[in-house]
Amino acid sequence: MKIIKEDEKEGIVEVVPETLDDLWHLSHIIEVGDNASSKTTRRIQDNTGDKLRSDRGVKKTFYLGLDIENISFHLFTGKLRLTGVITRGPEDLIPLGSHHTLEVKLNTPLSIKKTRWPKWSIKRLNQAIEASKKLSAIIVVLEDDTATLGLMRQFGIEYYGPIKGSVSGKRIVDKNRQKNIIQFYEKVVESISKFDSIQNIVIAGPGFVKNDFYDYLKDKHADLAEISIIESTGAGGRNGIAEVLKKGTVEKLTSENRVAQEMGAIENLLEEIGKNSSKVAYGVRETQNAINLGAVGQLLILDTKVAGENMGEAMDMVENMKGEVMVISSEHEGGKQLESLGGMAAILRYEIA
């Protein structure tokens, strides 16, 4: 993500999102009540002539501004949509005050105007810019002749696969078995190589296939082997990926990886709750009370609650008291666990009555 304009007096920041991660970050930086402006395409009905034309109109591209009423980011389609009331645009084409949905496009400038930019929003914007320079990790879980990939994105895990081979069992006599194994491994390598800038590869799985695959990489793809490690799991597929995340393997490899950090923070929270600790608060009312008392050492807040409930003031209050704020993605298991606790929780500096 690039910042191409900052106007502190007007409360305007103009950015250019460059990756899917950038769109995810923007979906939590932009809030209901903000104004957003960008290029958009809308189908305009041709009303000229004696009667309304029956066709679907003509697509026109123009600059448009909205007062935002709804923000939605769809993980599987990778689309960020902002819906609201039109405040700016060509009045001969669209009526001001009508509703429109603006789809935020990659590599297209987006102007965001806020009445006040909370500190956490600026911090997150800078984190997004920094994160876009960093490299990703891929978890490759192999079981028999099936591989599942988990790509570590800023918004969570993006699953890829399964990748299937046609390898017969060891007890079945098949003169082509070794050839089929190599073809399967090459399919996996080809899939990994589709992704740019991978810092680490975790090769995991319940059996010995992961070890054989790693040996194959060392022999045929030394560059990938150099950034790979092996991890054992009790299951294959997505369950195996979840095991790797819970073990903290990726966190050890890339200590700044946000997903692994969030999973670790939630695990720590659940442990404190399990011990009936007095230094933990969860649920909106209890957590907000702890914030007001200045007792919060670490605030965990679900991303959907940030976007939908304007929590900037509470988050700024925690940071002003030298506390840490961690926005938890709703797209992974840790986020779902936090959601079940009310979407907000805190580790406290001291016990409160």
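If you're wondering where the values come from, they're calculated on a predicted model, not measured in any experiment.

## Comments concerning the overall build of the chain
Across its full length, the chain carries 12 helices and 16 strands. Counting the 353 residues in the chain, one finds 48% classified as buried. Restricting to contacts in the chain with at least 6 residues of sequence separation, those with at least 24 account for 66%. A total accessible area of about 18,100 Å² is found for the chain, and carbon and sulfur atoms account for 47% of it.

## A few points about the nonpolar core
If you look at the biggest cluster of nonpolar residues, it comprises 27 residues, and the most contacted ones within it are V15, L26, I30, L80, L82 and L110. Mapped onto this core, the elements with two or more residues apiece are strand 2 (12–16), helix 1 (20–29), strand 4 (58–74), strand 5 (79–88), strand 6 (99–104), strand 7 (110–113) and helix 2 (119–131). A total of 6 residues in this core trace back to one element, the largest contributor, which is strand 4. Setting aside its immediate chain neighbours within four residues, L82 contacts I30, A36, L66, I68, N70, I71, H100, T101, L102 and V104. With 25 residues, the next largest nonpolar core counts Y185, V189, Y216 and L224 among its residues.

## A closer look at helix 12 (residues 333–340)
Among all positions of helix 12, only G334, G335 and L338 are buried. Down the axis of helix 12, the smallest arc covering the buried residues is 100 degrees, so these residues share one side. At the exit of helix 12 stands G342, carrying a positive phi of roughly 105 degrees.

## Some words on the side chain of E231
Structurally, E231 can be placed in strand 12 (residues 228–232). The contacts of E231, once residues within four sequence positions are left out, are V202, I203, A204, G205, K210, V244, K247 and T249.

## Regarding the packing of aromatic side chains
This model, assessed by the stated rule, comprises 3 aromatic pairs. Seen from their ring centres, F184 and Y185 are 5.9 Å apart, and the 40 degrees between their planes marks the pair as tilted. This pair shows no difference in class: F184 is buried, exactly as Y185 is. The rings of F184, Y185, F213 and Y216 are connected pair by pair, giving a single aromatic cluster. Lying across the ring of W117, K114 places its NZ or CZ 5.2 Å from the centre.

## Some details on the pattern of salt bridges
Counted under the stated rule, the structure contains 11 salt bridges. When the shortest N-O distance is used, the salt bridge between E18 and K2 registers 3.7 Å. Of this pair, E18 sits in the loop between strand 2 and helix 1 while K2 sits in strand 1 (residues 2–7), and the two are 16 residues apart along the sequence. With its nearest N and O atoms 3.3 Å apart, the salt bridge here joins E319 to K123. Of the two residues, E319 sits in helix 11 (residues 312–320) while K123 sits in helix 2, which places them 196 residues apart along the sequence. Salt bridges sharing partners connect three or more residues here, namely K79, R81, E103 and K105.

## Quick notes on the environment of E158
Inspection of the secondary structure puts E158 in strand 10 (residues 156–164). Along the primary structure E158 and H332 are separated by 174 residues, whereas in three dimensions their C-alpha atoms are 10.0 Å apart. Those residues in contact with E158, other than ones at most four positions away along the chain, are L20, L149, G150, L151 and R153.

## Quick look at the pairing of strand 11 (residues 198–205)
Of all 8 residues that make up strand 11, 7 are buried, and the element is covered over most of its length. Here strand 11 pairs with strand 12 via 5 bridges, running parallel. Along strand 12, the bridge assignment pairs I201 with S228.

## Structural notes on the environment of A225
Mapped onto the fold, A225 is located in helix 5 (residues 222–225). Between the C-alpha atom of A225 and that of N200, which follows or precedes it by 25 residues, the distance is 9.6 Å. Those residues in contact with A225 that lie beyond four places of it in its chain are Y214, L217 and K218.

## As for empty space enclosed by the protein
Any empty space left between atoms is shown by rolling a water-sized probe over those atoms. Under the defined criterion, the tally for this structure stands at 1 cavity of 30 Å³ or more. As for the largest cavity, its lining consists of A290, I291, G294, A295, V296, M317, V318, M321 and R349. For the lining of the largest cavity, the secondary-structure elements that each account for two or more residues are helix 9 (284–292) and helix 11. The residue makeup of the lining of the largest cavity, split by class, is 7 nonpolar, 1 polar and 1 charged.

## A few points about helix 9
Within the span of helix 9, buried status applies to T287, A290 and I291. Along helix 9, the residues classed as buried sweep out an arc of 105 degrees about the axis, all on the same side. Where the residues of helix 9 are buried, they touch strand 13 (280–282), strand 14 (296–302), helix 11 and strand 16 (344–348). Immediately beyond the C-terminal end of helix 9, within one or two residues, lies G294, with a positive phi of roughly 70 degrees.

Conventions and cut-offs
Residues numbered from 1 in each chain as written. Predicted model: local features only at pLDDT ≥ 70, side-chain atom pairs only at ≥ 80, totals over all residues. Heavy atoms only, no water. Helix = DSSP H or I, 4+ residues; strand = E, 2+ residues; numbered from the N terminus. Buried < 20%, exposed > 50% of the residue type's maximum accessible area, 1.4 Å probe, protein only. Contact = heavy atoms within 4.5 Å. Areas by Shrake-Rupley, 256 points an atom, 1.4 Å probe, with all protein chains shown as cover. Core = buried A, V, L, I, M, F, W, Y, C linked by side-chain atoms within 4.5 Å. Arc of directions from axis to C-beta. Phe/Tyr/Trp six-rings, centres within 6.5 Å; stacked < 30°, edge-to-face > 60°. Lys NZ or Arg CZ within 6 Å of the ring centre and 35° of its normal. Salt bridge = Lys/Arg side-chain N within 4 Å of Asp/Glu carboxyl O. Pairing = 2+ DSSP bridges. 1 Å grid on protein atoms, 1.4 Å probe; cavity = no way out; pocket = protein on both sides within 12 Å on 5 of 7 lines; lining within 4 Å. Points joined across faces, edges and corners; volume = space filled by probe spheres on them. Nonpolar A, V, L, I, M, F, W, Y, C, P; charged D, E, K, R; others polar.

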